[in-house]
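Results of the structural survey
So the chains spell out like this:
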Amino acid sequence: MLIDRSHRGWIIGCLVVLAAATAIYVPYVRHALNGPSGGSAVGLTFGVVGFALMIFAGALGARRKVPTWQIGRGTFWMRGHIWLGLLSFPLILFHGGFRLGGPLTAVLMILFGIVIVSGILGVLLQQVMPRLMLTRVPLETVYEQIDSIVLQLRGESDELVAAACGPLLVDTPPAPAERRAGGGLVDRVGQPRSTPRAHPAPLAPTPESAVLRDAYLTEIRPFLDPLVHGNGVMLNPARAATLFRELRTALPPLLHNTVSELEATCDERRQLRDQKRLHHWLHGWLLVHIPLSLALLLLGTAHAVIALRY
Amino acid sequence: MAAGDSRYSAKIRAKRIALEYFKQPHPFRRWRFILSVAVPAVAALWLLVYAVRGDQRIYNGGRVSTAHTMFEKDCVVCHGPGPAPAATMPTAAAPATMLAAGVGGAAPRGYWARVTDNACQACHAGPRHHVNETFQPRCASCHREHGGRALLVQIADQHCAQCHRDLKTKDGAPPAYHASITALRQHPEFAVSLHEGDKVRRVRLDQKAELRDTAQINLNHAKHLKVNLKGIEDVEAQLGSAHLAKAKGGRQLACTFCHRPDGRGEYMEPVAYEKNCAVCHPLDFDGRFVDSAAPDRPAVVPHTRPGVVHAYLRGTIADAFDQCQSIPAGEAGKTLRQRCVDLELVKAPAEPAGDQPRGLRRGGGEEAPAPAPAPDTPRGLRRRSSLEPEIVLAQDDSPRRLRRGSDEPSGDAATGSASGGGAAGSGSAGGGGGAAWVATQLSTIEPGLFKQRCEYCHTLTKSGGAVPQVVPTAIPARWLPHARFDHAPHRPLACVECHKATTSTETKDVLMPAIGTCRDCHKPTGGARSGCVECHRYHDKTQERDPDGPFKVHQLLTGAGR
């Protein structure tokens, strides 16, 4: 979520609450006989309020799991999640008197710190990464479908090169039987094609096409694997452009269109790879933020139950 | 169709996407789910393992103090109602000033389990601070647990200042102590307790006119700390140099020669004659009398009450008389014979003058020159008075016995001549003469002893009887009884830094340091600790419980039956 003017009210509200809490905390610390304590009336109040805000922040996940809950708009929950969750951290610090305390409270504070830091990181990434993705990945697609699309691209490229150079004699796994947008599994008369690329018409093989076949099998096709690794030629746009330029030089003009198609496919593959990497940055923090938040709420509840008793 | 081709639109690309892709497993979503289950599960397992083990340490807000480590696994031991004192504590063990049960710490109700005073008092008496105090805090309000391995007695000054900022008493009477103290900087000058008869008066160290040590003992600190004090070689020869200090120009007695720390090193043991004085100031009285347990040493009177000294003297003199009545013949009795000759109980045989023992009357009735007395020192006690009457009761070794406990001779002594024969004079004359001799010796030696030995340090009074009485020394065991002091941490300091003994020449000098001396080091900032509890204790430890607690070991460890 972008932090924009619409957050001003939340920010001001949280700052006001934080200032009020600080105004209570400072004299409390100065006059407390035994220093700040989570068990004192003031400390307990900070703890209760802070934990309530943590629960509210955690409720965002629950609301997302049950989208039919029409309790406020999604943006309201997200803004509340960000700002109230952030506000809960100083309140909990006030609750604990800036001490880690015992084993459970120490674990809680460490978890809370990681959750807050990962959340802040997530918010910052949300400000940067979508724009970055917009400029660097014009062919952005659904993240979960990237591997499937890469396979599609490889299959189409195989057909393209086979049409120009003859059969490639490579193992091509059968495409999964999935229903895709824009049509069914088979072409129907009068309906749009179910695949975005038309099946290429076979060309008469020429001796020079062996160059294309070699380049495809050694450099291009491995790059069209979903699990591409290393730092091959195709990973570098400049080196890839050089390769394709050399191919155009070596191949007759009849095959230049095929080379261009392959170059465009590789460019799309590179974008999808960038999208995947950016997506991992954009959402990877959630692998830390969400599990630790759940653990935090669980342990926080245990702490509250036991601490209130004793 | 090239990627940059406008015909390769989003709509076209959308055809690559499976319609139900979100239903298929995906590593990112799968890992998010796995971690979202696993991490909380690990957290829950952590709690569960501790719960199964019955270990509640993870819930502690901090480590408990060292003394309570044994209870840290079980919160209820302290966070519970605690036993009723009457049920668990022997009546004799419960001091009268113990905090009333449950004062300030209501018994837990329902779900809530606060720490109650009863729980603390199961082990600690927690005697009341002052009978006239207006405010009695809960145990846990001052002694904060879960603060780490700290001492629970390290209480912040604010706790004391709750009352001592504006001290009031329950009965409204003016407080006996300074009415407003919140920190060391506001502490008034120390007040020492001076004994005046049966009364004890507190005098502040800055009240110079009234400040006077009332102890009945004569002591000159400065003289004892003189460099190369007379007799210091003897001290070193007898006791070694452990408590002698090197000084410019020689050696001197260290303060620790007399002032030895007690077993805990907190205070100094009372100065005792036998340990600290006897080596320089022996209570010998006449070189002719020997210690019955060690005949080669001169007799010394015990350092005790004058009546006992009198009895000892009389017994020693009578012993000497008895021994001289049965001197073994020959070489075996030579030493005894010589002593008896010295005592003039036996006539000396004709011997070369050079072998004459000291004090022996020489032939021809001339008195041997006695060693010159040294009137300035106790050692100068003369061996024998020149006024001592000459009584020679025996010219031979005839046995006679002097009856003890009476000035009258015993029957044996009275008939000694008949049984032993050969004694000079008659038996009755001998017995009566023995008693007279003892009385004469006693009357001669005793006044000198009391005058030159006892009165050298003590004040004696004559109250009608023959034996004087020693005025009790009344040396204070504690000068500042309302505070506590630990000499052990102050060991790096020279004693005279605080106690100005080198300039003290009179007993009346009070050598306690003023509070300013303490403040040189004890400062709130950048100095030694300056909290109230450094010197003062809240609880009246004289009212602490007897060392016979109410619990068995398993009860203490597990809380069972508490």
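1. Let's talk about the overall build of chain A
Counting secondary structure elements, chain A contains nine helices and zero strands. Secondary structure elements of chain A occur, N-terminal to C-terminal, as α-α-α-α-α-α-α-α-α. Within chain A, the fraction of its 310 residues that count as buried is 43%. In chain A, the share of contacts with a sequence separation of at least 24, taken over all contacts with a separation of at least 6, comes to 75%. As displayed, chain A offers around 15900 Å² of accessible surface, 68% of which is attributable to carbon and sulfur atoms.

2. Observations concerning the overall build of chain B
A tally of regular secondary structure across chain B gives 17 helices and six strands. When burial is assessed residue by residue, chain B has 35% of its 562 residues classed as buried. Long-range pairs, those at least 24 residues apart, make up 59% of the contacts in chain B with a sequence separation of at least 6. Within the structure as shown, chain B displays about 31800 Å² of accessible surface, and the carbon and sulfur contribution to it stands at 58%.

3. Observations regarding the state of the cysteines
Residue and element names in this part refer to chain B. One pass over the full model with this rule turns up one disulfide over all chains. At a sulfur-sulfur separation of 1.9 Å, the disulfide partner of Cys 324 is Cys 340. Between Cys 324 and Cys 340, the S-S dihedral sits near -95°, and the bridge is therefore left-handed. Here Cys 340 lies in helix H11 (residues 334-342) and Cys 324 lies in helix H10 (residues 306-324), a separation of 16 residues in the sequence. The exposure class assigned to Cys 324 is buried, which follows from its relative accessible area of 1%. Since its relative accessible area comes to 0%, Cys 340 is described here as buried. Distance from the sulfur of Cys 142, which forms no disulfide, to the nearest cysteine sulfur (Cys 160) is 7.6 Å. Under the relative-accessibility criterion, Cys 142 is labelled buried at 17%. The thiol sulfur of Cys 277 is not disulfide-bonded, and the nearest other cysteine sulfur, from Cys 258, lies at 6.0 Å. In this structure Cys 277 comes out as partly exposed when scored by relative accessible area, which is 23%.

4. Here we look at the interface of chain B and chain A
Between chain B and chain A, the residue contacts involve 49 residues of the former and 51 residues of the latter. Summing both partners gives a buried area of about 4500 Å² for chain B against chain A, and 64% of it is carried by carbon and sulfur. At the boundary of chain B with chain A, the tally comes to three salt bridges. Among the salt bridges present, the one from Arg16(B) reaches Glu268(A), with a minimum N-O distance of 4.0 Å.

5. Description of the packing of aromatic side chains
Within this structure, the stated rule accounts for 18 aromatic pairs over all chains. Between Tyr21(B) and Phe22(B), the ring centres sit 5.6 Å apart and the planes meet at 80°, which makes this aromatic pair edge-to-face. Looking at Tyr21(B), the relative accessible area reads 22%, which means it is partly exposed. The structure contains a cluster of three or more aromatic residues connected by ring pairs, namely Tyr25(A), Tyr28(A), Phe46(A), Phe94(A) and Phe98(A). Sitting above the plane of the Phe223(A) ring, Arg269(A) keeps its charged end 5.8 Å from the centroid. Over the face of the ring belonging to Tyr111(B) we find Arg309(A), whose NZ or CZ atom lies 5.8 Å from the ring centre.

6. Overview of the pattern of salt bridges
Applying the stated criterion across every chain yields a total of 26 salt bridges over all chains. Among the salt bridges present, the one from Glu210(B) reaches Arg201(B), with a minimum N-O distance of 2.6 Å. Of the residues examined, Arg201(B) reaches a relative accessible area of 30% and is grouped as partly exposed. Connected via shared salt-bridge partners are Glu156(A), Glu268(A) and Arg16(B).

7. Brief notes about the nonpolar core
Phe285(B), Phe289(B) and Trp437(B) are the most contacted members of the largest nonpolar core, which totals 29 residues. Within the residue set of this core, elements represented by two or more residues are H10, H11 and helix H14 (427-457) of chain B. Aside from chain neighbours lying at most four places away, what touches Phe289(B) is Arg297(B), Pro298(B), Ala299(B), Thr316(B), Ile317(B), Ala320(B), Leu343(B), Trp437(B), Gln441(B) and Ile445(B). In terms of nonpolar packing, the next biggest core, distinct from the first, is built from 24 residues, Ala164(A), Leu224(A), Leu235(A) and Leu251(A) among them.

8. A look at the confidence of the model for chain A
All names here are of chain A. Summarising the model, chain A shows a mean pLDDT of 87, and 92% of its residues fall at 70 or more. Mean pLDDT values for the elements of chain A range from 90 in helix H5 (residues 146-165) up to 96 in helix H1 (residues 8-31). Confidence drops under pLDDT 50 across residues 184-194; counting only partners more than four residues distant or on other chains, this segment forms 14 contacts.

Criteria and cut-off values
- Residues numbered from 1 in each chain as written.
- Chains lettered and ligands numbered in written order.
- Predicted model: local features only at pLDDT ≥ 70, side-chain atom pairs only at ≥ 80, totals over all residues.
- Heavy atoms only, no water.
- Helix = DSSP H or I, 4+ residues; strand = E, 2+ residues; numbered from the N terminus.
- Buried < 20%, exposed > 50% of the residue type's maximum accessible area, 1.4 Å probe, protein only.
- Contact = heavy atoms within 4.5 Å.
- Areas by Shrake-Rupley, 256 points an atom, 1.4 Å probe, with all protein chains shown as cover.
- Disulfide = S-S within 2.5 Å.
- Buried area = accessible area lost by both parts, 1.4 Å probe.
- Salt bridge = Lys/Arg side-chain N within 4 Å of Asp/Glu carboxyl O.
- Phe/Tyr/Trp six-rings, centres within 6.5 Å; stacked < 30°, edge-to-face > 60°.
- Lys NZ or Arg CZ within 6 Å of the ring centre and 35° of its normal.
- Core = buried A, V, L, I, M, F, W, Y, C linked by side-chain atoms within 4.5 Å.
- pLDDT = per-residue confidence, 0-100.

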